[in-house]
Amino acid sequence: MSKVTVSRHAHFNAAHRLHNASWTVEKNEAVFGKCNNPHYHGHNYELIVSVRGDVDPETGYVVDMKWLADLIEEQVEQRFDHKNLNEETEEFKVLNPTAENIAMVIWKLLRKEVAEALELKVTLYETPRNFVEYSG
Ligand code: NI
């Protein structure tokens, strides 16, 4: 069988603060820089969700892209878009909302909805130049 990767590009805006409560103010500033701003700041996150698997001979699809778009909207955009990640989401009340952690959280949210036979990868751009990838 030949496997194909299909991807959906999505977007959300969110505010965050990177902070480790067990560190001093100075250490937090040194490690997290501007992202430690106690008043928060925003990012325009660009998200690419990729699903890899066999092409269904009946539909010619790996997955229906409308289904994938709706899944991302329900699981990611409704949860995180225009939110303060630290203050307003369960996922990041304790977990530091770095791009790495956000990508892993998104992957876990989507993984339970995507058929086991399909591979899943999440690519998250925090800025146009900085991005992380997670595939489990
Ligand atoms: Ni930041």
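Residues numbered from 1 in each chain as written. Predicted model: local features only at pLDDT ≥ 70, side-chain atom pairs only at ≥ 80, totals over all residues. Heavy atoms only, no water.

1. Overview of the coordination of the nickel ion
Test applied: Only nitrogen, oxygen and sulfur atoms qualify as donors, and only when within 2.8 Å of the metal (3.2 Å in the case of Na, K and Ca); with water excluded, sites may look incomplete. Any site counts as irregular unless it has four donors with all angles between 85 and 135 degrees, making it tetrahedral, or four or six donors with opposite ones more than 155 degrees apart and the rest between 65 and 115, making it square planar or octahedral. Note on exposure labels: buried denotes an accessible area under 20% of the residue type's maximum, exposed denotes more than 50%, and partly exposed covers the range between, all computed with a 1.4 Å probe on protein chains only.
Of the protein atoms, only His16 (NE2), Cys35 (SG), His41 (NE2) and His43 (NE2) coordinate the nickel ion, at distances of 2.1 to 2.2 Å. Each of the 4 donor atoms around the nickel ion contributes to a set of angles spanning 92 to 136°, which defines the coordination as irregular. Counting gaps between the donor residues of the nickel ion yields the pattern H-x18-C-x5-H-x1-H. His43 carries the same exposure label as His41, and that label is buried.

2. Looking at the sheet that holds strand β5 (residues 131–134)
To keep things clear, this is the line we draw: Each pair of strands is called paired provided DSSP finds at least two bridges between the two strands. Elements are defined by DSSP. Helices are runs of H or I of four residues or more, strands are runs of E of two residues or more, and each kind is numbered from the N terminus. Residues count as neighbours in contact if any of their non-hydrogen atoms are within 4.5 Å of one another. For helices, the fitted line uses only the C-alpha atoms of the stretch in contact; every axis is such a line through C-alpha atoms, and the angle between N-to-C directions lies from 0 to 180 degrees.
Reading across from one edge, β3-β1-β2-β4-β5 is the order of the 5 strands in this open sheet, with mixed pairing throughout. Each having just a single partner strand, β3 (83–84) and β5 make up the two edges of the open sheet. As paired strands, strand β4 (residues 119–125) and β5 are joined by 4 bridges and run antiparallel to one another. Across the sheet, residue Val122 finds its bridge partner in β5, namely Tyr134. Across the sheet, helix α2 (residues 65–80) is in contact with β1 (3–16), β2 (41–54) and β3; its angle to β1 comes to roughly 20°. Sheet strands touched by helix α4 (residues 99–111): β1, β2, β4 and β5. Its angle to β4, the strand with the most contacts, is close to 145°.

3. A short note on α2
Convention followed: What a helix should span is 1.5 Å times the count of its residues minus one. Two axes enter the bend calculation: one fitted to the seven residues ending at the residue in question, the other to the seven starting there, and the bend is the angle between them. A 3.5 Å cut-off defines polar contacts: any pair of N or O atoms within that distance qualifies, except that in protein one atom must be a possible hydrogen donor and the other a possible acceptor, and neighbouring residues in sequence count only when both atoms are side-chain atoms.
The end-to-end C-alpha distance of α2, which contains 16 residues, comes to 21 Å, matching closely the 22 Å that a straight helix rising 1.5 Å per residue would cover. Most pronounced at Glu73, the bend in α2 amounts to some 40°. Where α2 is buried, its residues meet β1, β2, β3, α3 (85–88) and α4. The distance from a side-chain oxygen at the start of α2 to the backbone nitrogen of Lys66 is 2.8 Å, and the residue carrying that oxygen is Asp64.

4. A few points about the packing of aromatic side chains
The line we're drawing: Here is the rule: rings of Phe, Tyr and Trp (six-membered ring for Trp) pair when centre to centre is within 6.5 Å. Planes less than 30 degrees apart are stacked, more than 60 are edge-to-face, and the remainder are tilted. In this scheme, Lys NZ or Arg CZ marks a charge over a ring once it lies within 6 Å of the ring centre and within 35 degrees of the ring normal.
Summed over the entire model, instances satisfying the criterion amount to 6 aromatic pairs. For the ring pair Phe12 and Phe80, a centre distance of 6.3 Å and an interplane angle of 45° mean the geometry is tilted. Of this pair, Phe12 sits in strand β1 while Phe80 sits in helix α2, placing them 68 residues apart in sequence. On the accessibility criterion, Phe80 (0% relative accessible area) is buried. Site record: aromatic cluster; members linked through ring pairs are Phe12, Tyr45, Phe80 and Phe92. Above the face of the Trp23 ring, Lys27 is positioned so that its terminal group lies 4.4 Å from the ring centre.

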